[in-house]
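Understanding the architecture of this molecule
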Amino acid sequence: MKNLSYLLVLFVALSLWSCNNEKKEVISDNKQETVVNETSEYLINATLWVQRSAEYRACCYQSFNFAKLALDSNLKTVKKDKPSAVVLDIDETVMDNSYFEAYLVQNDTSYTKENWKEWSDKQCATATPGAIEFLEYAKSKNVEIVYITNRRENESEATIANMEKAGFPEVKAENFYFRTDESSKDARRAMVAEKYNIILLVGDNLADFDSMLDDRSVNDGFDNVDNLKDQFGSLFIVLPNPMYGNWEKSLMKDENKTALQNKIEALIGYDEICK
Ligand SMILES: [Mg+2]
């Protein structure tokens, strides 16, 4: 009888443990919906790399230094029928939100629209290294600064206030294109292209450049990038973001497995590469 009670207690304890460790995941088509409840298990290194590695800083400077060269070069050939503009994404392109990712890890939680809004309302995001200098440079060349972001309309005031506080030049409300219905940025890019000649696109996600590039259905989207490889560094400037992105989508092959299991299975081991 004693043994039976012991087994019963063990069974209940194991059941509770397994419920607690049950992972929920919702993988969708943009950052703000890439929700995986294994945050603390895979996000720690990525967030530390952004916050604590000098290499991340160096990569950002490299991107923005290249952006200046590309801007100069493209200004020489652009048509003069319309003003020229540089189009930039906001999150993890010109603004660093790694503090929000760190919050998720430290609080063992994952993204929700609500906790993201709480963060953006605080107006505490900082400029990515080199962003402000690049934007000052664009301004000095009379290039219009336009932002296309998947932050939502209800974040517009806080976003603009945050950027003003962080010292961004030319923060004009009319030059911000927030997400309304769809996450794709194509329609908004087309609207910008009616007013301006877009001479440079800057982002951390391929969807910031062209939705065709963001299609990961074949070979993780590598072929699309290879086909446009000459555009990187000339028309497209990519910022590093190891913390999240649409690249994660194609890794989620089996919906019955957790995000972490899917990611481990997506790793390419030497057994595979050496055969
Ligand atoms: Mg971004």
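Reading the values: rules and limits
Residues numbered from 1 in each chain as written. Predicted model: local features only at pLDDT ≥ 70, side-chain atom pairs only at ≥ 80, totals over all residues. Helix = DSSP H or I, 4+ residues; strand = E, 2+ residues; numbered from the N terminus. Contact = placed C-beta atoms within 7 Å. Buried ≥ 20, exposed ≤ 12 C-beta atoms within 10 Å, placed from the backbone. Pairing = 2+ DSSP bridges. Right-handed = clockwise from strand over helix to strand, strands pointing away. Axes fitted to C-alpha atoms, helices over the stretch in contact; angles between N-to-C directions. pLDDT = per-residue confidence, 0-100. Core = buried A, V, L, I, M, F, W, Y, C linked by C-beta atoms within 7 Å. Parallel < 35°, antiparallel > 145°, perpendicular 65-115°, else oblique. Left-handed = near helix turned anticlockwise from the far one by under 90°. Nonpolar A, V, L, I, M, F, W, Y, C, P; charged D, E, K, R; others polar.

Helices and strands together make up the secondary structure of the protein chain, namely eleven helices and nine strands. In the protein chain, 79% of the contacts between residues at least 6 apart in sequence involve partners at least 24 apart.

Turning to the pairing of strand β6 (residues 144-152), a few remarks are in order. Among the nine residues that make up β6, eight are buried, leaving the element largely enclosed by the rest of the structure. Direction of pairing for strand β3 (residues 84-88) relative to β6: parallel, over a ladder of four bridges. In the strand pairing of β6, A85 is matched with E144. Relative to strand β7 (residues 176-179), β6 is paired through three bridges, and the arrangement is parallel. Its bridge partner lying in β7, Y147 is registered against F176. The β-α-β motif built from β6, the intervening helix α7 (residues 156-165) and the parallel element β7 has right-handed crossover chirality.

Hydrogen bonds along the backbone pair up the strands of a sheet, which may run parallel or antiparallel. Read across the open sheet, the five strands follow the order β7-β6-β3-β8-β9; overall the sheet is parallel. At either margin of the open sheet sits one strand with a lone partner, and together these are β7 and β9 (236-238). Sheet twist, expressed as the mean angle between neighbouring strand axes with direction ignored, is 20°.

Here the protein chain averages 88 in pLDDT, while 85% of its residues score no lower than 70. Here residues 9-36 is modelled with pLDDT under 50, and outside its nearest four sequence neighbours on either side it reaches 38 contacts, counting other chains as well.

As a further point, take the nonpolar core. With 45 residues, the main nonpolar core has A67, L71, V86, V87 and L200 as its most contacted residues. Listing elements by their share of this core, those giving two or more residues are α2 (39-52), α3 (54-77), β3, α4 (98-106), α6 (131-140), β6, β8 (197-203) and β9. Looking at which element gives the most residues to this core, the answer is α3, with six residues. If we ignore the near neighbours within four places in the chain, the residues touching L71 are V86, A138, K141, V143, I199 and L200.

Looking now at the environment of V105. Mapped onto the elements of the fold, V105 is located in helix α4. Along the chain, V105 and I44 lie 61 residues apart, while their C-alpha atoms are 6.9 Å from each other.

Moving on to the packing of α3 against α6. At their nearest, the axes of α3 and α6 sit 9 Å apart, and the two run at 10° to each other. One finds that α3 runs roughly parallel with respect to α6. Our pair here, α3 against α6, has a crossing hand that is right-handed. Packed against α3, whose contacting residues are F64, A67, K68 and L71, the element α6 presents A131, E133, F134, Y137 and A138 at the interface. Considering only residue class, the contact of α3 with α6 consists of seven nonpolar, no polar and two charged.

A word on the environment of W247. Tracing the chain through its elements places W247 in the loop between β9 and α10 (259-266). For W247 and N205, which are 42 residues apart along the polypeptide, the C-alpha to C-alpha distance reads 8.1 Å.

So, on to the pairing of β8. Among the seven residues in β8, five count as buried, and that is most of the element. In terms of strand pairing, β8 meets β9 through three bridges, oriented parallel. When the bridges of β9 are listed, G203 appears paired with V238. Taking the sense of rotation as the criterion, the β-α-β connection linking β8, helix α9 (residues 222-227) and β9 turns out right-handed.

As a further point, take unusual backbone geometry. Phi at D108 is positive, roughly 45°, even though this residue is not glycine. Of note, D108 is situated in the loop between α4 and α5 (113-122). A tally of 9 C-beta atoms within 10 Å means that D108 is categorised as exposed.

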